[in-house]
Amino acid sequence: MKESPKPRKMLNSLPFLFTTRGASTMFRSPDKNQSFPEMEERILKLWEGDDSFQLSVKNRPVDKPFVFNDGPPFATGLPHYGHLLAGTIKDIVPRYWTMKGYRVERRFGWDCHGLPIENIIQDKLSLHTVKDITNFGVDKFNDACRAGVFTYTKEWRKTVARMGRWVDFDNEYKTMDPGFMESVWWVFKQCFDKGLIYQGYRIQPYSPALATSLSNFEVNQAYKDRQDPSVTLAFQLEAPHHVGDLHAPSTKEESDEQMLVWTTTPWTLPANMAIALHPDLDYTLVRHEGKKYWIAEARRTAYFPEPKAKKGEATPPAATEVLKTCKGRELAGRRYKPLFEYMEYTNDKQYTLLMADFVSADDGAGAVHIAPSFGEEDFQLGQREGLSLFDPLDADGKFMDVVPEWKGIGAKDADKSILQHLKAQGRVFKHETMVHSYPHCWRTDVPLLYRAQKNWFLSLEKPLTDAHGVTKTLKDWMIHCNRQINWVPEHIKGGRFGKWLDGARDWNLSRNRFWGTCIPIWLAEDGDMLCVGSVDELCALTGTKVVDLHKHIIDPLVIKTKDKKTFAADGKEYRRTPEVLDCWFESGSMPYAQRHHPFENADSFDANFPPDFIAEGLDQTRGWFYTLTVLGAALFQKPAFKNVIVNGIILAEDGQKMSKRLKNYPDPNELIDRTCADAIRLFMIDSAAVKGEELKFSEIGVKNIVRAVLLPLWNSLSLFTTYANADHEKGQLSWRPGLAQSASSNELDRWVLSDLQQLLAKVQTEMDAYRLYNVVPAVVEFIDDLTNWYIRRSRRRFWKSEDDQDKNQAYATLYRVLVDFSKVLAPFLPFLAEEIYQILVRELKVPGQPVSVHLCDFPVVDPSLLDAPLNARMALVRQAVNLGRSLRSAHNVKNRQPLRQLIVVVRNQSQKREILDMEDLIREELNVKSVTVSEDESSLVTYKAKANFKSLGAKLGKAMKTVAEKVAKLSHEEIKSLLSGTALKLEEGELVAEDILVVRETREGLVVEASPDLTVALDTSIDHGLRLEMLARESVSKIQNLRKDSGFEVTDRVEVQVKTGSPLFREALETHFAYITAEVLAGSLGFSESIAESEANSLDVNGEFAVFSVSRKV
RNA sequence: AGGUCUGUAGCUCAGUUGGUUAGAGCAUCGCUCUGAUAAGGCGGGGGUCGGCAGUUCAAGUCUGCCCAGGCCUACCA
């Protein structure tokens, strides 16, 4: 064989030129020490040069789309393994459907708006508060956000491409594009016109330092322990006779009873409106030190402990006297004297005892102080009972004029003073402190206030009617749509996501921020509102040409009109509501906004919605998955996606979260350079991470993929090209790629082809159901079948020098398998699959074949190649071989020692044929002279039986146990008779063959191994001839090792010299001269006394000694 | 605190409608094979299937309660 060229370098510079290879070489030989990362970089350039990605899309018909929607990431940070995992899934599925003949457009998208970038810019410009930003200028601030939001796009592009993901970055969408934002307005107006949008209050975490409310995400970042007052107050109740007299104003007639109420937020007391009790809890009136208090019975002893008996005293005098006990509901409506007089009396429920289920008696006094402006539950109760909102705080969280005592003092700061005031009035029953977990402002560390904020909401409770006239509330539509989605893993549908939908509440759409899509509502002073749904509309209404829809551009535009239909001018003035939209609204609008629907491409919308496929992480359940679902249901009463793969979270190897600070994970780019992208992809896909479970990421795991999957495959390719080139050069091979070939007569060939068809069927089934986790194990198993059975068993067929039919069939088969298999692998291992395809197909310029494996059609099952009985037969033979190998091992008979015969005992006639069919294979694999098939195993094994619990259990029920014991005691003969079809009568019933499971025990002193299907025995007697053969094989092995150690090429011819004093060795070498010289490609084999001995070249077989010398024949 | 997922060999995980002695890969130890292979083969060691109850002739599997971990959600006054 000629020097193989250095293909890598050549291809880098001349990617299309293959003709420079020597004419005698058929295939480019893969480098045995190939660096996979280098190979991948080369493939990337090849794709770029060929424009393969664009071709793979354009080659497929427009009217056969597979629609994929990509969730947009933020480019303010670098991609991490979570992105790589989702990205790999987002690559595999589209590649697969492309190869199935669909046109799969893949547009990348960028999330541009929102807090991540606003926070970065605030830090950069040292703008700490909302006021700082407005003083700085919203226009300048937004410009800075725009300029900073794409910091890492280059790194993203590079890493995403390097991972082998094909996605269109040039045609990407951005949520800040005017077209995208216009479509978001359209979506908003659709909701508005359906009556879903309303303005209302919701309790939100509020940072007084920043003068803004915060998102839950921000709140969750800064929970910490905090010491707060824990105060029990005594509210003076009025006389009870006013109960039920709804219109009677307070008489201020005091009773002598007080209500104990617990709070940790004294600053909310000036806004107290009511007290809540649980209707079903017991409340007790006690007399203590001359005063009467109501308290939840369950809390009584916590507040009024029973005095302990002192030594000598019998029963201590009770300090607390129980007067009466009743249910909370019996106290409903009792009035109390308010602590403060800041509020107007607007509702007869004000300052009364109200009933609420959320009240518990776990701690406190079992009665809750209600300030509807300052707590979620308070707010809900206030809404129900018609209480007004009273919020005496200004934007900075300081008391306003209505509370003159604490005017200008911050809410939390006023706690102490308020308590002092109340103590002076005798209203504080108990004052302690407690430590509890409380949210703080993540930027300023100031404790947050929960207060009612005016917001824009999307109602989930409004009825919507679909095209078929069916009416449901939006929430019910969402639940309805969710039923149509194929979730992987399935449990999310009814579990995490389904439950979340069940409990979904109206969506708060507004954010008091700056860099986002504006809420397109203009308000008049009288509360009248206009919703703008497009740029043209805005231009018409304002008479201004607008190209950018960001806040600083839009806010100054005032709409003046008399008539909302004709927009006649000079009427009321409408000004835009200042909020921007929740960014999730933009993400949820992505299916429409990325294609500027309905302003462009409206006619093709139906074909593209809902999309076939999306894939994101588990954390998107409440994020993207949810907002997509809301808007899909709101606009079209349809699900926003048909299939979704939810990936799990990737953890570091130690099971902790990946942490930059702890450096407990390798840098993705460096790992790619150390291992390769294909291996990382496969490692991630071959895990429960593709069904929503977490994955512990380990570099060792990735390296194992290289070792267990990539290298064996690479070596298969290498074997094939090496032998093909060698044979081709010597003119020992007629087969050529692309030549028509008839079906192989060799069982191994037909087996591996059938095995491949089974794999194809499996991959198709699993991919069609989006169960990626079932695909990789099947692929890996096929690699094992291919390398460790097909190729190992076929080696000699490639090695032999005759250009016969068998050899040509072997080449044709392996070639076909490798090419087809490269197509199966293409979605999963896009680089290695491409390299195989390039070497085996593209570089040969086989007519009619695409230039890239990714432009090929996914192989479909060829029923003519599928032969399930053959697969079963081969499984049986492999079992027989395994039993035989096990026997050799157990009895310490080396495989190089040929044995006389193997006896296989079969269970039936068809097995007999199957074993005899493959006798040659078994003989060679087990190194035996003959295989004898027998149907009677009585001489080899003894039968024992076990009860078949499955079949007997149903019949026998309780008698199962006794029968099982009897079955275990059955004799060999009884079992034999049962097996032959005779039923056995027992007290408990009749036994038939199916009711027992036969266990074979080998008879003493025999070399026998049994499995449920087969029994195998080995004749281990060795005669003179067998011994000579063994020595010959040992010699071959030794010589081959010497060849290898000397660095000779596979095809080099050698001369062999032997020194031995052993007559047996001499006889073996002489007898098997032809065999040995053929095996080791020796031109001569002679004896010599002048060979220097070393450990490497001497051979000691059971005391027979020989020394070898091998030299290359020039 | 609630929801949800997970808990099976040293590690990563399979385990069908409940049914024999709970499996695989990796790792480890011993033996072995090999001119494609950094591989392959055979065997060994290694398990109270998170715990406790219950249903059943029979529970890793079904039910209940509890424990641990992850994620999501959450102002309990």
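Quick notes on the rules
- Residues numbered from 1 in each chain as written.
- Chains lettered and ligands numbered in written order.
- Predicted model: local features only at pLDDT ≥ 70, side-chain atom pairs only at ≥ 80, totals over all residues.
- Heavy atoms only, no water.
- Helix = DSSP H or I, 4+ residues; strand = E, 2+ residues; numbered from the N terminus.
- Buried < 20%, exposed > 50% of the residue type's maximum accessible area, 1.4 Å probe, protein only.
- Salt bridge = Lys/Arg side-chain N within 4 Å of Asp/Glu carboxyl O.
- Disulfide = S-S within 2.5 Å.
- Pairing = 2+ DSSP bridges.
- Axes fitted to C-alpha atoms, helices over the stretch in contact; angles between N-to-C directions.
- Contact = heavy atoms within 4.5 Å.
- Right-handed = clockwise from strand over helix to strand, strands pointing away.
- Near = heavy atom within 4 Å.
- Polar contact = N/O pair within 3.5 Å; in protein donor to acceptor, adjacent residues only side chain to side chain.
- Nonpolar A, V, L, I, M, F, W, Y, C, P; charged D, E, K, R; others polar.
- Core = buried A, V, L, I, M, F, W, Y, C linked by side-chain atoms within 4.5 Å.
- Expected span 1.5 Å × (residues − 1).
- Phe/Tyr/Trp six-rings, centres within 6.5 Å; stacked < 30°, edge-to-face > 60°.
- pLDDT = per-residue confidence, 0-100.

Our focus in this paragraph is the environment of Gly527. When you line up the elements, Gly527 lands in the loop between strand 20 (521-524) and strand 21 (529-531). Given the relative accessible area of 44%, Gly527 is considered partly exposed. Measuring from C-alpha to C-alpha, the distance between Gly527 and Tyr574 comes to 9.4 Å, with 47 residues separating the pair along the chain.

A few words now on the pattern of salt bridges. A full pass over the atoms with the stated rule returns 63 salt bridges. A salt bridge links Arg60 to Asp857; its shortest N-O distance comes to 2.8 Å. With a gap of 797 residues between them, Arg60 in the loop between helix 3 (52-58) and helix 4 (81-99) and Asp857 in the loop between helix 29 (830-840) and helix 30 (868-890) connect regions that are remote in the sequence. Note on Arg60: relative accessible area 12%, which makes it buried. A salt bridge links Lys90 to Asp70; the nearest nitrogen and oxygen atoms lie 2.7 Å apart. On the criterion of sequence distance, the pair formed by Lys90 in helix 4 and Asp70 in the loop between helix 3 and helix 4 is long-range, its members being 20 residues apart. For the pair shown, Lys90 and Asp70 are each scored as buried. When salt bridges that share partners are traced, they join Arg792, Arg793, Arg885, Glu924 and Glu925 into one network.

Summed over the entire model, instances satisfying the criterion amount to zero disulfides. In this model Cys539 remains outside any disulfide bridge; the closest cysteine sulfur is found in Cys518, 14 Å from its own.

Moving on, we get to the sheet that holds strand 17 (residues 486-488). Strand pairing in a sheet is mediated by backbone hydrogen bonds. Such pairs are either parallel or antiparallel. Strand order in the open sheet formed by three strands is 17-26-25, with parallel pairing between adjacent strands. Two strands in the sheet have a free side with no partner beyond their single neighbour: strand 17 and strand 25 (613-617). Averaged over all pairs of adjacent strands, the angle between their axes in this sheet comes to 15 degrees, without regard to strand direction. Where strand 25 and strand 26 (residues 643-647) come together, five bridges link them in parallel fashion. When the sheet's bridge partners are listed, Ala615 is paired in strand 26 with Ile645. Those strands touched by helix 4 are strand 25 and strand 26, and its axis lies near 165 degrees from that of strand 25. Sitting on the sheet, helix 22 (residues 624-636) is in contact with strand 17, strand 25 and strand 26, with an inclination near 140 degrees to strand 25.

So, about the pairing of strand 25. Counting buried positions along strand 25 yields five of five residues, so the element is predominantly enclosed. Following the chain from strand 25 across helix 22 to the adjacent parallel strand 26, one finds a crossover that is right-handed.

In this structure, the amide linkage connecting Val488 to the following residue, Pro489, adopts the cis form with an omega of 0 degrees. That bond from Phe609 to Pro610 is cis: its omega, -5 degrees, falls within 30 degrees of zero. If you trace the backbone, Pro610 turns up in the loop between helix 21 (605-608) and strand 25. Located in the positive-phi region is Asp51, a residue other than glycine, with phi close to 60 degrees. Summarising the element assignment, Asp51 is placed in the loop between helix 2 (36-50) and helix 3. The backbone of Leu1081 shows a phi angle near 55 degrees, a positive value even though the residue is not glycine. The residue Leu1081 is located in the loop between helix 38 (1073-1079) and strand 38 (1082-1087) in this model. Judged by relative accessible area, which is 15%, Leu1081 ranks as buried.

Residues in close proximity to RNA strand B total 56 residues, the closest being Val368, Glu376, Glu377, Leu997 and Arg1043. Within 4 Å of the protein, the contacting atoms of RNA strand B are drawn from sugar and phosphate to the extent of 53%. Thr264 is positioned with one of its backbone polar atoms (N or O) 3.2 Å from a sugar or linking oxygen of RNA strand B. Arg707 has a polar side-chain atom sitting 2.7 Å from a phosphate oxygen of RNA strand B. For the surface near RNA strand B, the element with the highest residue contribution is helix 25 (residues 699-730), accounting for seven residues. Its residues placed into classes, the surface near RNA strand B shows 13 nonpolar, 20 polar and 23 charged.

This part is about the nonpolar core. Note that soluble globular proteins tend to have their nonpolar side chains buried in a common cluster. Counting residues in hydrophobic clusters, the biggest one holds 130 residues, and the most contacted among them are Met684, Phe821 and Leu840. In terms of residue count, helix 25 provides more of this core than any other element does, twelve residues in total. In this structure Phe821 touches Leu713, Leu756, Leu759, Val779, Phe782 and Ile783, once residues within four positions along its chain are discounted. Ranked by size, the runner-up nonpolar core spans 51 residues in total, among them Cys191, Leu474, Phe585 and Ala593.

Side chains three or four residues apart in an α-helix point the same way, a direct result of the helix having 3.6 residues per turn. In this model helix 28 (residues 805-825) runs 30 Å from its N-terminal to its C-terminal C-alpha over 21 residues, within 8% of the 30 Å that 1.5 Å per residue would give. For helix 28, the buried fraction is high: 18 of the 21 residues fall into the buried class.

For any pair of aromatic rings, the description rests on two quantities: the centre-to-centre distance and the angle between the ring planes. Applying the stated rule across the entire model yields 54 aromatic pairs. When the centroid spacing of 5.3 Å and the interplanar angle of 45 degrees are considered together, the rings of Tyr592 and Phe609 count as tilted. Of this pair, Tyr592 sits in helix 20 (residues 590-593) while Phe609 sits in the loop between helix 21 and strand 25, and the two are 17 residues apart along the sequence. Taking the relative accessible area as the measure of exposure, Phe609 reaches 4% and is therefore buried.

This part takes up the confidence of the model for chain A. Residues at a pLDDT of 70 or more form 91% of chain A, whose mean pLDDT is 83. Mean pLDDT across the secondary structure elements of chain A bottoms out at helix 1 (residues 7-13), with 27, and peaks at helix 3, with 95. Confidence drops under a pLDDT of 50 for residues 1-23, and excluding neighbours within four residues, the segment shows 34 contacts in the predicted structure. Within the model, the stretch residues 242-249 combines pLDDT values under 50 with nine contacts to residues more than four positions away or in other chains. Confidence metrics for the complex model read pTM 0.83 and ipTM 0.81.

Turning to the sheet that holds strand 3 (residues 197-207), a few remarks are in order. Spatially, the four strands line up as an open sheet ordered 4-3-14-18, and their pairing is antiparallel. Taken across any chain shown, the strands that pair with only one partner, and hence form the sheet edges, are strand 4 (212-213) and strand 18 (507-508). Examined bridge by bridge, strand 3 and strand 14 (residues 449-458) share ten bridges and lie antiparallel to one another. Its bridge partner being in strand 14, Ile203 is matched across the sheet by Ala452.

Now for the pairing of strand 14. In terms of burial, strand 14 is a largely internal element, eight of the ten residues being buried. The pairing of strand 14 with strand 18 spans two bridges and is antiparallel. Across the sheet, Phe457 pairs through a bridge with Asn508, a residue of strand 18.

Take helix 2 next. Over its 15 residues, helix 2 runs 21 Å from end to end, which matches the ideal 21 Å to within 8%, given 1.5 Å per residue. Listed as buried for helix 2 are Phe36, Pro37, Met39, Glu40, Arg42, Ile43, Leu44, Leu46, Trp47 and Asp50. Looking one or two residues beyond helix 2, the residue adopting positive phi is Asp51, at roughly 60 degrees.

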